[in-house]
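As a plain string of letters, each chain reads:
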Amino acid sequence: DIARVIQNGVPNTTMKKLGDALKPEQIGKLIAHIRSLARSPGESTWKPYLTGDPQSGRKIFFDPQGKGQCAKCHRVGGEGGRIGPAIDRIASRRAPEFVMESILQPSKDIASEYEAVAVATKEGRVITGLRVNETNFSIQLYEENGRFHSLLKRDLDECKVLKKSLMPENIAEQLTVKELHDLFAYLMSLE
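Residues numbered from 1 in each chain as written. Predicted model: local features only at pLDDT ≥ 70, side-chain atom pairs only at ≥ 80, totals over all residues. Heavy atoms only, no water.

Caption draft 1: The arrangement of the overall build of the protein chain in detail. When you go through the protein chain residue by residue, the secondary structure sums to 7 helices and 7 strands. If you list the helices and strands of the protein chain from N to C, you get α-α-α-β-β-α-α-β-β-β-β-β-α-α. When the backbone C-alpha atoms are referred to their principal axes, the protein chain occupies close to 50 × 50 × 30 Å. Each of the 191 residues in the protein chain was classed as buried or not, and the buried ones make up 35%. (Helix = DSSP H or I, 4+ residues; strand = E, 2+ residues; numbered from the N terminus. Buried < 20%, exposed > 50% of the residue type's maximum accessible area, 1.4 Å probe, protein only.)

Given below as structure tokens:
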């Protein structure tokens, strides 16, 4: 039903027909995003099998030398990096299972403004990062380390959007089960 409304619009309303403008893959991503927003935390019956400690999770999140290093890219209350989305009030914006899934499978649902791009210069250098701006003539991106690049497209051999998140895919292997649940508990305390 949601796909049909997106594709065909709703007559006599401001919901316009988008079926010609969006690819099926884009419609799927839009539906996933809508569903993640539609569920308020109070509606979810999903629970992790361990109760985590939010204080320990906060340490994991902000420790620059630790296993998580989440604050390298994400920020809370203005503290942390700017490569990934800010996660202030994440518990009131996302369902618990969506938060856990985002930690364990970060490439499953990537918001378009956080899609990673890889550019190859004519000199053979490859730069991967978060696209912050793009015009017909140039592209600007931030690498994970925070380094900013502004490149002219005429100097590039290739520019492609990656289907993989910049967030590590193996966080479950980096953290113990308890640490994972502590991190999750911290995120769910951010209301």
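Caption draft 2: Region of interest: the sheet that holds strand β5 (residues 138-142). Pairing within the open sheet is antiparallel, and its 5 strands lie in the order β6-β5-β4-β3-β7. With one partner strand each, in any of the chains shown, β6 (148-152) and β7 (156-161) form the two edges of the open sheet. On average, each strand axis in the sheet is inclined to that of its neighbour by 40°, with strand direction left out of account. Pairing analysis gives 5 bridges linking strand β3 (residues 116-121) to β7, with the strands arranged antiparallel. Counted as the bridge partner of Val-119 is Cys-159 from β7. (Pairing = 2+ DSSP bridges. Axes fitted to C-alpha atoms, helices over the stretch in contact; angles between N-to-C directions.)

Caption draft 3: Representation of empty space enclosed by the protein in the model. Enumeration according to the criterion identifies 1 cavity of 30 Å³ or more in this entry. The calculated volume of the largest cavity comes to roughly 30 Å³. A class-by-class count of the residues in the lining of the largest cavity yields 2 nonpolar, 2 polar and 3 charged. (1 Å grid on protein atoms, 1.4 Å probe; cavity = no way out; pocket = protein on both sides within 12 Å on 5 of 7 lines; lining within 4 Å. Points joined across faces, edges and corners; volume = space filled by probe spheres on them. Nonpolar A, V, L, I, M, F, W, Y, C, P; charged D, E, K, R; others polar.)

Caption draft 4: Here's a closer look at the side chain of Glu-143. One can find Glu-143 in the loop between β5 and β6. Reaching out from Glu-143, the side chain makes a polar contact with the side chain of His-149 at a distance of 2.6 Å. Apart from residues lying up to four places away in sequence, Glu-143 is in contact with Ile-83, Ile-127, Thr-128, Gly-129 and His-149. (Polar contact = N/O pair within 3.5 Å; in protein donor to acceptor, adjacent residues only side chain to side chain. Contact = heavy atoms within 4.5 Å.)

Caption draft 5: Quick look at the pattern of salt bridges. Applying the stated criterion across every chain, the model contains 11 salt bridges. The residue Lys-163 makes a salt bridge to Glu-25 at a minimum N-O spacing of 2.9 Å. Placement of the pair is Lys-163 in the loop between β7 and α6 (171-174) and Glu-25 in helix α2 (residues 24-38), with a sequence separation of 138 residues. Residue Glu-25 is classed as partly exposed on the basis of its relative accessible area of 48%. Measuring nitrogen to oxygen at the nearest pair gives 3.4 Å for the salt bridge that ties Lys-29 to Glu-115. (Salt bridge = Lys/Arg side-chain N within 4 Å of Asp/Glu carboxyl O.)

Caption draft 6: Expanded view of the layout of surface pockets. Here the largest pocket is characterised by a volume of approximately 1,200 Å³. Where the lining of the largest pocket is concerned, the elements lending two or more residues are α2, α4 (90-93), α5 (96-104) and α7 (177-188). Of all the elements, α2 adds the most residues to the lining of the largest pocket, at 5 residues. For the lining of the largest pocket, a count of residues per class yields 23 nonpolar, 9 polar and 11 charged.

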